[in-house]
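# Remarks on the overall topology
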Amino acid sequence: DTGVSQDPRHKITKRGQNVTFRCDPISEHNRLYWYRQTLGQGPEFLTYFQNEAQLEKSRLLSDRFSAERPKGSFSTLEIQRTEQGDSAMYLCASSSFFETQYFGPGTRLLVL
Amino acid sequence: KQEVTQIPAALSVPEGENLVLNCSFTDSAIYNLQWFRQDPGKGLTSLLLIQSSQREQTSGRLNASLDKSSGRSTLYIAASQPGDSATYLCAVKGDETGANNLFFGTGTRLTVIP
């Protein structure tokens with residue numbers, strides 16, 4: 001399967017802990033996106049990479065959030081000092097230049 | 001800021017019916033519009049992408065139309081099947097230089113009753 005993959009699929013953590021999620025995009029795609037989706041809502045944009053450069057960040061991405069894409073391949077999203085409000089589905093997508101965004105299965109985070 | 005609205009929020013139809021899902025957006029300066037399907041607890045599957053210069057796209061039993069000037073899109077599903085039950089999301093991409101994110105609606109939850 002050459003689709004977008006995300007790991008882990010589920011994460012339960014206690015408030016105040018740090019968590020890190022990984023996204024592996026479709027191999028030939030140079031663009032990678034992170035979105036957050038809460039229950040009953042559509043996904044909201046968090047950040048965007050073109051190759052290894054992080055070119056856009058949403059105001060939703062507080063200073064507790066950091067994303068990287070070393071070498072322009074996989075990406076990681078880290079949340080420091082998690083809060084209950086961080087509980088959501090974190091979705092990763094990839095695309096080639098201006099084309100359809102293909103989404104991964106998501107990582108569901110629950111902060112207790 | 002672009003706002004995307006989907007009506008209705010939920011829809012139940014008997015198997016075999018044709019149906020229309022609606023999407024409206026406030027800023028007509030879009031680059032493209034995508035329709036996605038999302039099954040419970042899962043990621044998004046892209047169904048159709050319409051570029052701003054296009055009026056419609058078709059894939060199998062699905063037909064999506066775009067009226068950019070009025071800020072509206074519809075997704076038509078013909079001969080609905082129980083397997084079509086899912087949440088359908090529309091998303092628009094702005095045409096500003098450097099804008100790459102999608103703005104999503106809240107979705108229409110479709111149930112097709114056997």
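Here goes a summary of the coordinates provided.

Calculation criteria
Residues numbered from 1 in each chain as written. Chains lettered and ligands numbered in written order. Predicted model: local features only at pLDDT ≥ 70, side-chain atom pairs only at ≥ 80, totals over all residues. Heavy atoms only, no water. Phe/Tyr/Trp six-rings, centres within 6.5 Å; stacked < 30°, edge-to-face > 60°. Helix = DSSP H or I, 4+ residues; strand = E, 2+ residues; numbered from the N terminus. Buried < 20%, exposed > 50% of the residue type's maximum accessible area, 1.4 Å probe, protein only. Lys NZ or Arg CZ within 6 Å of the ring centre and 35° of its normal. Contact = heavy atoms within 4.5 Å. Buried area = accessible area lost by both parts, 1.4 Å probe. Polar contact = N/O pair within 3.5 Å; in protein donor to acceptor, adjacent residues only side chain to side chain. Nonpolar A, V, L, I, M, F, W, Y, C, P; charged D, E, K, R; others polar. Pairing = 2+ DSSP bridges. Axes fitted to C-alpha atoms, helices over the stretch in contact; angles between N-to-C directions.

Inspection of the entire model under this criterion finds nine aromatic pairs over all chains. With 6.1 Å between their ring centres and 80° between their planes, Phe103 of chain A and Phe104 of chain B make a pair best called edge-to-face. Placement of Phe103 of chain A in strand 10 (residues 102-103) and of Phe104 of chain B in strand 10 (residues 102-104) is noted, with the two residues assigned to different chains. Across the pair, exposure class does not vary: Phe103 of chain A and Phe104 of chain B are buried alike. Above the plane of the ring of Phe74 of chain A lies Arg22 of chain A, whose end atom (NZ or CZ) is 3.9 Å from the centre.

Another point: the interface of chain A and chain B. Each partner contributes to the interface: chain A provides 22 residues, whereas chain B provides 21 residues. Buried area between chain A and chain B, summed over both chains or domains, comes out near 1,600 Å², and the portion from carbon and sulfur atoms is 53%. Run the count over chain A and chain B and you get four residue pairs in polar contact (both at pLDDT 80 or more). Secondary-structure elements contributing two or more residues to the side of chain A that touches chain B are strand 4 (31-37), strand 5 (44-50) and strand 9 (88-95) of chain A. A total of four residues in the side of chain A that touches chain B trace back to one element, the largest contributor, which is strand 4 of chain A. Considering only residue class, the side of chain A that touches chain B consists of 10 nonpolar, seven polar and five charged.

Moving on: the sheet that holds strand 7 (residues 65-68) of chain A. Residue and element names in this part refer to chain A. The four strands lie next to each other as 1-3-8-7, forming an open sheet whose pairing is antiparallel. A strand with exactly one partner marks an edge of an open sheet, and here the two such strands are strand 1 (5-7) and strand 7. Ignoring strand direction, the axes of neighbouring strands in this sheet form an average angle of 15°. In terms of strand pairing, strand 1 meets strand 3 (residues 19-24) through three bridges, oriented antiparallel.

Further remarks concern the sheet that holds strand 1 (residues 4-7) of chain B. Residues and elements named next belong to chain B. Strand order in the open sheet formed by five strands is 1-3-8-7-6, and the pairing between neighbours is antiparallel. Single-partner strands in this sheet number two, and they are strand 1 and strand 6 (56-59). Going from strand to strand, the sheet's axes swing by 15° on average, the running direction of each strand aside. Pairing analysis gives four bridges linking strand 6 to strand 7 (residues 62-67), with the strands arranged antiparallel. Looking across to strand 7, one finds that Ser59 is bridged to Leu62.

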